[in-house]
Structures are given as structure tokens and as C-alpha cells.
Amino acid sequence: MYYIFYIVFDFMMAVIMFLFGMWFYKSEGKAAKFLSGYNMKSADERKKYDENAMCKAYGKRMMFMSVPFIIGIIIDI
């Protein structure tokens, strides 16, 4: 009976990771303020970075982080 919980948990985590990744990827740099450490830099330091590229890279990484949860679903089934 507990395996249903694990399947649902893995599915929800995969969906959450994927949706956050899509949000970062499509934000066009607007989600950069949520990146750890970046929001603590001064305005002059932030001008040195391409916010759009950072958000796209982080979004891809977040979407990839949903893969282990999908593998977990397959293992649990």
C-alpha cells in the first residue's frame, strides 16, 4: 500500500521540478532575482551577466532534475 504514496510523491516532485524549470527557462531573465547569490550582487555587478542565458541554463538544469523522479516512478511500479 505504501508504494502508491511513493509513486504519487515521485510524480508530484517530477512535475514541480519540470514546471519550475519551464518557468525559469521562459522567464527571459526575469527570474534571475531568485537565483542564489545573484540577487545579493550590486547593480553594477549584475550588469556583467546575461540574465536570460543564466535563467535558460538553470531552467534546463531544473527540468533535468525531474528525470530521477521519473526513474523512481518506474522503479516503484
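Residues numbered from 1 in each chain as written. Predicted model: local features only at pLDDT ≥ 70, side-chain atom pairs only at ≥ 80, totals over all residues. Heavy atoms only, no water.

Enquirer: When you look at the overall build of the protein in this model, what are you seeing that I'm missing?
Expert: Within the protein, the secondary structure is distributed over 4 helices and 0 strands. Overall, the protein shows an N-to-C arrangement of helices and strands of α-α-α-α. Projected onto its principal axes, the C-alpha positions of the protein cover 55 × 20 × 15 Å. Within the protein, buried positions represent 25% of all 77 residues. In the protein, the proportion of contacts linking residues at least 24 apart, taken out of those at least 6 apart, comes to 66%. (Helix = DSSP H or I, 4+ residues; strand = E, 2+ residues; numbered from the N terminus. Buried < 20%, exposed > 50% of the residue type's maximum accessible area, 1.4 Å probe, protein only. Contact = heavy atoms within 4.5 Å.)

Enquirer: Before we go on, may I ask you to explain unusual backbone geometry in this structure?
Expert: What you tend to see is this: most non-glycine residues have negative phi, and most peptide bonds are trans. Its identity is not glycine, yet glutamate 28 carries a phi of approximately 55 degrees, on the positive side. When you line up the elements, glutamate 28 lands in the loop between α1 (2-26) and α2 (43-46).

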